[in-house]
Amino acid sequence: AHLDRIAAVDGVVHAFLHVNTEEALAVAAEVDAARAAGQSLHRLAGVPIAIKDLIVTVGQPTTAGSRILEGWMSPYDATVIEKIRAAKLPILGKTNLDEFAMGSSTEHSAFGDTHNPWDLDRIPGGSGGGSAAAVAAFEAPLALGTDTGGSIRQPAAVTGTVGVKPTYGGVSRYGAIAMASSLDQIGPCARTVEDAALLHELIGGHDPKDSTSLVDPVAAFAAAAADGDVTGLRIGVVTDLQGEGYQAGVLDRFGEALDLLREAGAEIVEVSCPHFRYALGAYYLIMPSEVSSNLAKFDGVRYGLRTLPTEGPLTIERVMAATRAAGFGAEAKRRIILGTYALSAGYYDAYYGSAQKVRTLVQRDFDAAFERVDILISPTAPTTAFRLGEKTDDPLAMYLNDVATIPANLAGVPGLSLPSGLATEDGLPAGIQLLAPAREDERLYRAGAALE
Ligand code: GLN
């Protein structure tokens, strides 16, 4: 049914870069046979899933949304993919994204735009717009994303779906092509909080192949989501993440969510995190610095594309330059140049060093806030989905969309976005973000379920 749905609507939505028909049907048939034979199966066995094309898969191409990886096949599976295969979830295919997960609209993909199923002239968010659109368009009930600065949560908000960025280290990053390693995290996209919890339980847990992986056992996220009891929970409204720049309809739905939580027995207080206003600036220095280092490996020798210079001597440097000039898009090049500059000798203290200090201050804001409250709450994104093309010529306007999602990545804390309803002025979905202390992802599922 999901493959039929993809065939029917993906021509206009364009959530998928690759559809894995044969293998998905084979896994579904295996599950049917196992069930008929009375074998015990994982709770999610047979539930189809779509995978953001930043996560490597054997037998299907992985492009990261970039020409530089066109035609490349991974020789190994990501740890999350191994877990998905072991539990027998049919993999429907690979979903579109901004090149190397850099963007907030999926317009920086080398393989065309993804359209928001609510309004095809609008962006589906980014970078994981393909995964969110696939879930919103009923092409897939579950999907995987990656979140470095909001790429799971912001697409969820603008497509009316649920997206979770787990605690940093809570899900193995092995096999997620690195964007900014100290910020990257794989997480679930779904249509309900409980579905996201079930998928999180499956993919989470320690992995010796990821040196930043936490050793904690996976908590009972699905049970917390099924319970949804918020009696006595202290919830802090982040006063710094509302007001100027936030759309009226988004704030209206946010206010209603606070009323719902109050009625459900939670205590709502206001909390200020004064350094959050510097988080965006710090992120857009730390992230490109890590990007410039991580993307250095695409050299025309080891992976994918190799472009030869059209004239002059055939040296390795010139092949590298020709390959990177042809293989990377404008946004990837912009960030590589910014990051290289920020890390240059002589500029390190002024840019990268200062940004790291701001990162510490943001972490301290979270620490102070979580001494007073159990959970923080804010809108996920300042606006509903904007129009395709509206911000492509203005990188700063695009970056501003991440203002509410970035603090969580800088601090490594978990965040969940869920729909709060439709904004009155444009009838488009708005999202609410819940944030918890590191390792307390379970609280997000409990409070999220209370809002559904
Ligand atoms: N909008 C963010 C950026 O462009 C999203 C990054 C991400 O989470 N992958 O950097």
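Here is what the cut-offs are and how they apply
- Residues numbered from 1 in each chain as written.
- Predicted model: local features only at pLDDT ≥ 70, side-chain atom pairs only at ≥ 80, totals over all residues.
- Helix = DSSP H or I, 4+ residues; strand = E, 2+ residues; numbered from the N terminus.
- Rg over C-alpha atoms; globule rule 2.2 N^0.38 Å.
- Buried ≥ 20, exposed ≤ 12 C-beta atoms within 10 Å, placed from the backbone.
- Contact = placed C-beta atoms within 7 Å.
- Near = placed C-beta within 6 Å.
- Nonpolar A, V, L, I, M, F, W, Y, C, P; charged D, E, K, R; others polar.
- Pairing = 2+ DSSP bridges.
- Axes fitted to C-alpha atoms, helices over the stretch in contact; angles between N-to-C directions.
- UniProt positions renumbered as here; feature names shortened; annotations may be inferred.
- Right-handed = clockwise from strand over helix to strand, strands pointing away.
- Core = buried A, V, L, I, M, F, W, Y, C linked by C-beta atoms within 7 Å.
- Expected span 1.5 Å × (residues − 1).
- Arc of directions from axis to C-beta.
- Parallel < 35°, antiparallel > 145°, perpendicular 65-115°, else oblique.
- Left-handed = near helix turned anticlockwise from the far one by under 90°.

Novice: Even after reading the chapter, I still don't get the overall build of the protein chain, so can you show me in this structure?
Specialist: A tally of regular secondary structure across the protein chain gives 15 helices and 11 strands. Taking 452 residues into account, the globule formula puts the C-alpha radius of gyration at 22 Å, and the protein chain, at 21 Å, falls close to it. Taking the principal axes of its C-alpha atoms as reference, the protein chain extends roughly 70 × 65 × 45 Å. Among the 452 residues that make up the protein chain, the fraction classed as buried is 56%. Within the protein chain, contacts between residues separated by at least 24 positions form 76% of all contacts whose residues are at least 6 apart in sequence.

Novice: Could you clarify how one ought to interpret the site of the ligand in this entry?
Specialist: With respect to spatial proximity, 14 residues lie near the ligand, and among them Ala101, Ser104, Thr148, Gly149 and Ser151 are the closest. Grouping the constituent residues of the shell around the ligand by class yields four nonpolar, eight polar and two charged.

Novice: Would you mind showing me how to read the sheet that holds strand S3 (residues 91–95) here?
Specialist: The strands making up a sheet associate through backbone hydrogen bonding, with each pair oriented either parallel or antiparallel. Strand order across the open sheet formed by 11 strands is S1-S3-S2-S4-S6-S5-S10-S11-S9-S7-S8, with mixed pairing between neighbours. At either margin of the open sheet sits one strand with a lone partner, and together these are strand S1 (16–19) and strand S8 (267–271). Recorded for the sheet is a direction-independent mean angle of 25° between the axes of neighbouring strands. Set on the sheet, helix H6 (residues 193–203) makes contact with strand S4 (142–146), strand S5 (162–165), strand S6 (186–190) and strand S10 (415–422); between it and S6 the angle comes to about 150°.

Novice: Is there a simple way to explain the UniProt feature "active site" (unreviewed entry) in the protein chain in this structure?
Specialist: UniProt tags Lys52, Ser127 and Ser151 as "active site" (unreviewed entry). With the annotated positions falling across 100 residues, the maximum pairwise C-alpha distance of 10.6 Å places them together in a single cluster. A count of 32 C-beta atoms within 10 Å places lysine 52 in the buried class. Tracing the backbone through its elements, the reader meets serine 127 in the loop between S3 and helix H4 (129–136).

Novice: Help me understand the pairing of strand S7 (residues 234–238), please; the structure alone is not making it clear to me.
Specialist: In terms of burial, S7 is a largely internal element, four of the five residues being buried. Two elements, S7 and S8, share five bridges in a ladder whose sense is parallel. Paired with glycine 236 across the two strands is valine 269, which belongs to S8. Traced from S7 through helix H8 (residues 248–263) to S8, the parallel crossover comes out right-handed.

Novice: In this structure, what is going on with the nonpolar core? I would like to understand it.
Specialist: General note: in soluble globular proteins, nonpolar side chains tend to be found buried as a group. Judged by nonpolar contacts, the single largest core of 132 residues is most densely connected at Ile49 and Ile55. Tallying contributions element by element places helix H9 (residues 279–294) first for this core, with nine residues. When near neighbours in sequence (up to four residues on either side) are disregarded, isoleucine 55 contacts Ala78, Val80, Ile81, Leu144, Gly175, Ala176 and Ile186.

Novice: Is there a simple way to explain H8 in this structure?
Specialist: A rise of 1.5 Å per residue sets the reference length of H8, with its 16 residues, at 22 Å; its end C-alpha atoms lie 23 Å apart and thus fit the reference within 8%. Those residues of H8 that sit buried are Gly249, Val250, Arg253, Phe254, Ala257 and Leu261. Buried residues of H8, seen end-on, are gathered within an arc of 140° and therefore sit on one face of the element. The exposed set on the far side of H8, more than 90 degrees from its buried face, consists of Ala248, Gly255, Asp259 and Glu263. Buried-residue contacts for H8 involve S7, S8, strand S9 (375–379), S10, strand S11 (429–435) and helix H15 (441–450). Remark: glycine 265 follows H8 within two positions and exhibits a positive phi of approximately 105°.

Novice: Looking at this structure, how should I read the packing of H9 against helix H12 (residues 349–372)?
Specialist: For any two helices packed against each other, one specifies the inter-axial angle together with the distance between the axes. Running from N to C, H9 and H12 cross one another at 125°; their axes reach a closest spacing of 9 Å. Classified by the angle between their axes, H9 and H12 sit oblique to one another. Relative to H12, H9 is oriented so that their crossing is left-handed. Note on element contacts: H12 touches H9 through Tyr351, Tyr352, Ala355, Gln356, Val358, Arg359 and Val362, opposite Ala279, Ala282, Leu285, Ile286 and Ser289. Each residue belonging to the contact of H9 with H12 can be placed in one class, and the counts come to nine nonpolar, two polar and one charged.

Novice: Which parts of the structure should I look at to understand unusual backbone geometry?
Specialist: Cis geometry marks the peptide bond from glycine 126 to serine 127, where omega comes out at 10°. Here the phi dihedral of histidine 14 falls at roughly 55°; this positive angle occurs in a residue that is not glycine. Relative to the helices and strands, histidine 14 resides in the loop between helix H1 (2–13) and S1. Of note, threonine 106 is a non-glycine position whose phi angle comes to about 65°, a positive value.

Novice: For this particular structure, what's the right way to read the environment of lysine 209?
Specialist: For lysine 209, the location among the structural elements is in the loop between H6 and helix H7 (221–227). In sequence terms lysine 209 and arginine 173 are 36 residues apart; their C-alpha atoms lie 8.6 Å from each other. For lysine 209, the contacting residues outside a window of four places in its chain are Thr79, Ser172 and Tyr174.

Novice: Please clarify how H6 should be interpreted in this entry.
Specialist: An α-helix turns once per 3.6 residues; consequently, residues spaced three or four apart project the same way. Of all 11 residues that make up H6, 10 are buried, and the element is covered over most of its length. Inspection of H6 places Val193, Glu194, Asp195, Ala196, Ala197, Leu198, Leu199, His200, Leu202 and Ile203 among the buried residues, and these make up the whole buried set. Of the residues flanking the end of H6, it is glycine 205, one or two places downstream, whose phi is positive at about 110°.

Novice: Can you help me understand the environment of serine 127 in this one?
Specialist: The exposure class assigned to serine 127 is buried, which follows from the 34 C-beta atoms found within 10 Å. When the C-alpha atoms of serine 127 and histidine 108 are compared, they prove to be 8.5 Å apart, with 19 residues separating the residues in sequence. If we skip the residues at most four places from it in the chain, serine 127 touches Leu97, Asp98, Ala101, Met102, Gly103, Thr106 and Ser151.

Novice: Which parts of the structure should I look at to understand the packing of H9 against helix H11 (residues 330–342)?
Specialist: In contact at an axis separation of 7 Å, H9 and H11 are set at 100° when each is read in the N-to-C sense. On the basis of the axis angle, H9 is roughly perpendicular to H11. Taken together, the residues of H11 that come into contact with H9 (itself represented by Leu285, Pro288, Ser289, Val291 and Ser292) are Arg335, Ile336, Leu338, Gly339, Thr340 and Ala342. Across the contact of H9 with H11, the residue classes tally to six nonpolar, four polar and one charged.

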